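Chain by chain, the residues:
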Amino acid sequence: MPNTDAIGVGLLGMGVVGSGVVRLLQERTAHFRKVRGVDLALRRVAVHDLSKPRSVELPKALLTDRAEDVVDDPEVQIVIEVIGGIDPARSLCLRALKVGKDVVTANKALLAEQGGDLFRAAAQHSAHLAFEASVCGGIPIIRALTDGLVANRIQSIYGILNGTTNYILTRMTDGGGDFEEMLGQAQEKGYAEADPTMDIDGTDAAQKLALLCRIAFRVDLSHQQILKEGIAQTSPLDIDFARELGYTIKLLGIAKAVEDRIEARVHPALIPSDALLANIKDEFNAVEIVGNAVGPQVFYGRGAGQLPTASAVVSDLLDLAEHRLTGRTPGPSPLAALQEAVPIPPDEIETSFYCRFTVYDRPGVLARIACIFSEERISIATVIQHGRSETAEGTVPLIMTTHEAREAAMRRAVAKIDRLPIITEKSRIIRIEEL
Ligand code: HSE
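Residues numbered from 1 in each chain as written. Predicted model: local features only at pLDDT ≥ 70, side-chain atom pairs only at ≥ 80, totals over all residues. Heavy atoms only, no water.

A.B. asks: Which residues make up the overall build of the chain, and what are the values?
C.D. replies: Along the backbone of the chain there are 13 helices and 19 strands. Scaling as 2.2 N^0.38, a compact globule of 435 residues should have a C-alpha radius of gyration of about 22 Å, and the chain matches this with 24 Å. Considered along the principal axes of its C-alpha atoms, the chain spans approximately 85 × 45 × 35 Å. Counting the 435 residues in the chain, one finds 54% classified as buried. Taking the contacts inside the chain whose residues are at least 6 apart along the sequence as the reference set, 74% of them involve residues at least 24 apart. (Helix = DSSP H or I, 4+ residues; strand = E, 2+ residues; numbered from the N terminus. Rg over C-alpha atoms; globule rule 2.2 N^0.38 Å. Buried < 20%, exposed > 50% of the residue type's maximum accessible area, 1.4 Å probe, protein only. Contact = heavy atoms within 4.5 Å.)

Right under this line is the structure:
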């Protein structure tokens, strides 16, 4: 007998995350009834290919290859969107919201590109859009910001927000496999985006950081306004020199409230090897949030993968189902931005830098580089050169770190240095964060 009192759930997508959601619902529905008083019934599931073998069993009658069947089913009150991408995910979510159905999405790209439209539609039609899974998978970071830390003025966010790049950097640091092989492994394990360039070039982390900034700082910041550099240029040489200097390279998302402006950036950074974030390995994510009342708090866990992401989706689902049962309206959307963001222009940001110059091994080379740093008022902290080139034409890596300098000054200095005849390759610059 179908349970007619249950809250009807429709699922869009039975890929990695969708299958995880079905598995958790199959395992835990009785438990949810007991501990939260909520009865859930999965009523319809949209799949791309009806004939494909599946890792979880479902009655055939639930499956459809027409996503509209799920959204339009009168017995579906909450729609879970885990198909990813912008379209048709966007139109399906809008279709559901416009008839007052609640939506749970794990789709950070969709929220980053079209979040405004979706939240407006939700507000207009008294529906709700929940998105815990969209930032750092299984870590309840959205809830932490909206609930647990609500009493705080958030001062800064430092995070390892992308599992794929953390997996690759960890393996490069700990000595195994090449870049392509490790990226392949991250894809197989379901961590990487459908287009993994979004992981590698920092877009995925920037989208997550933009969402965190909206919630933490209540600003309308798009991911395109975030300074962004990926990990593709990070070489094993840089990892080794960083280690020698006592640092580990991580792709960091950093956001700070500086008076009434926001500093937001995503880039590889050298961080002290004994810092907590330096020891976050493989696909794990971690976010350190500093609140004015609570001080620093670190949230750590799996930011990607089937069950971690499904865990966050199901937790949103339960909240929305509970709201439906109790008639309690969730508060205003945490993504309803209160003010336009005023981002600090990248040129004004100040950090220390690691620089790797590829130079001819001759007297006077260091002096010429030091002279340009001096012209730009950049103070040198350390210099490393190992060994010698056998010939006058041979090159060596020359490593320098600087004290804090303005980004603009550093860019000017490196442009001048790269024009010197003693330099044979484009110089590599990585920011240092002492944390
Ligand atoms: N592709 C993301 C990552 C997971 O590697 O962290 C989904 O956000």
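Still more to cover.
A.B. asks: Can you tell me about the site of the ligand, naming the residues and giving the values?
C.D. replies: With respect to spatial proximity, the complete set of residues near the ligand consists of Lys108, Asn162, Gly163, Thr164, Tyr191, Ala192, Glu193, Asp199, Asp204, Lys208 and Ala304. Note that an oxygen atom of the ligand is positioned 2.8 Å from one of the side-chain N or O atoms of lysine 108. Coverage of the ligand by the protein amounts to 89% of the 260 Å² it exposes when considered alone. Taken together, the elements giving at least two residues each to the shell around the ligand come down to α6 (163–174) and α9 (203–217). Taken together, the residues that form the shell around the ligand break down as three nonpolar, three polar and five charged. (Near = heavy atom within 4 Å. Polar contact = N/O pair within 3.5 Å; in protein donor to acceptor, adjacent residues only side chain to side chain. Areas by Shrake-Rupley, 256 points an atom, 1.4 Å probe, with all protein chains shown as cover. Nonpolar A, V, L, I, M, F, W, Y, C, P; charged D, E, K, R; others polar.)

A.B. asks: Describe the packing of helix α5 (residues 141–148) against α9, with residues and values.
C.D. replies: At a minimum axis separation of 10 Å, α5 and α9 run at an interaxial angle of 10°. By the criterion of interaxial angle, the relationship of α5 to α9 is roughly parallel. Taking contact as the criterion, the partners of Ile141, Ile142, Leu145 and Thr146 in α5 are, on α9, Leu212, Ile215 and Ala216. Among the residues forming the contact of α5 with α9, the class breakdown is six nonpolar, one polar and no charged. (Axes fitted to C-alpha atoms, helices over the stretch in contact; angles between N-to-C directions. Parallel < 35°, antiparallel > 145°, perpendicular 65-115°, else oblique.)

A.B. asks: Describe in detail the pairing of strand β5 (residues 102–105), supporting the description with residues and values.
C.D. replies: Both faces of β5 are covered, namely the face carrying Asp102 and Val104 and the face carrying Val103 and Thr105. Bridging between strand β4 (residues 78–81) and β5 involves four bridges; their strand directions are parallel. From the neighbouring strand, valine 79 faces β5, where its bridge partner is valine 103. The β-α-β motif built from β4, the intervening helix α3 (residues 89–98) and the parallel element β5 has right-handed crossover chirality. Where β5 and strand β6 (residues 129–130) come together, two bridges link them in parallel fashion. Across the sheet, valine 104 pairs through a bridge with alanine 130, a residue of β6. Chirality of the crossover, the property in question, places the unit of β5, helix α4 (residues 108–124) and β6 among those that are right-handed. (Pairing = 2+ DSSP bridges. Right-handed = clockwise from strand over helix to strand, strands pointing away.)

A.B. asks: Which residues make up the packing of α4 against α9, and what are the values?
C.D. replies: Packed helices, taken two at a time, are described by their axes: the angle between them and the distance between them. At a closest axis distance of 9 Å, the pairing of α4 and α9 adopts a crossing angle of 60°. Here α4 lies oblique to α9, going by the angle between them. Our pair here, α4 against α9, has a crossing hand that is left-handed. Within the contact between the two elements, α4 uses Lys108, Ala109, Leu111, Ala112 and Glu113 and α9 uses Asp204, Gln207, Lys208 and Leu211. When the residues that make up the contact of α4 with α9 are grouped by side-chain class, the tally is four nonpolar, one polar and four charged. (Left-handed = near helix turned anticlockwise from the far one by under 90°.)

A.B. asks: A description of the side chain of asparagine 285 should follow, citing residues and the corresponding values.
C.D. replies: Take asparagine 285: it is sitting in strand β12 (residues 284–291). A relative accessible area of 0% means that asparagine 285 is categorised as buried. A distance of 3.5 Å separates a polar side-chain atom of asparagine 285 from the backbone oxygen of glutamate 283. Apart from residues lying up to four places away in sequence, asparagine 285 is in contact with Cys136, Ile139, Ile160, Leu161, Asn162, Gly163, Ile280, Phe299, Tyr300, Gly301 and Gly303.

A.B. asks: Pulling in residues and values, what's your account of helix α13 (residues 407–418)?
C.D. replies: With twelve residues, α13 should reach 16 Å at 1.5 Å per residue; the first-to-last C-alpha distance of 16 Å fits that figure. Each element contacted by the buried residues of α13 is listed here: β9 (227–228), β15 (350–360), α12 (365–375), β17 (395–402), β18 (405–406) and β19 (428–432). (Expected span 1.5 Å × (residues − 1).)

A.B. asks: Give a description of the sheet that holds β4 that names residues and reports values.
C.D. replies: Here six strands make up an open sheet; going across it, the order is β3-β2-β1-β4-β5-β6 and the pairing parallel. Each having just a single partner strand, β3 (63–64) and β6 make up the two edges of the open sheet. In terms of strand pairing, strand β2 (residues 40–46) meets β3 through two bridges, oriented parallel. Paired with valine 45 across the two strands is leucine 63, which belongs to β3. Contacts between helix α1 (residues 16–36) and the sheet are confined to β1 (7–12), β2 and β4, with β2 contributing the most and set at about 165° to the helix.

A.B. asks: Quick rundown of the nonpolar core? Include the residues and the values.
C.D. replies: Of all hydrophobic cores here, the largest spans 75 residues; its most connected members are Ile141, Ile157, Leu209, Phe217 and Ile289. In terms of residues, this core owes the most to one element, α9, which gives ten residues. Residues within four places of leucine 209 in sequence aside, it is in contact with Ile157, Leu161, Ile226, Gly253, Ile254, Ala255, Ala264, Arg265 and Val266. One finds Met14, Val56, Val82 and Val313 within the second-largest nonpolar core, a separate group that totals 32 residues. (Core = buried A, V, L, I, M, F, W, Y, C linked by side-chain atoms within 4.5 Å.)

A.B. asks: Could you give an account of the pattern of salt bridges, naming the residues involved and the relevant values?
C.D. replies: Summed over the entire model, instances satisfying the criterion amount to 34 salt bridges. A salt bridge links glutamate 132 to arginine 143, with the shortest nitrogen-to-oxygen separation between them at 3.0 Å. Placement of glutamate 132 in the loop between β6 and α5 and of arginine 143 in helix α5 is noted, with a sequence separation of eleven residues between them. For glutamate 132, a relative accessible area of 3% gives the class buried. Of the charged contacts in the structure, one is a salt bridge between aspartate 238 and arginine 428, with a shortest N-O distance of 3.6 Å. (Salt bridge = Lys/Arg side-chain N within 4 Å of Asp/Glu carboxyl O.)

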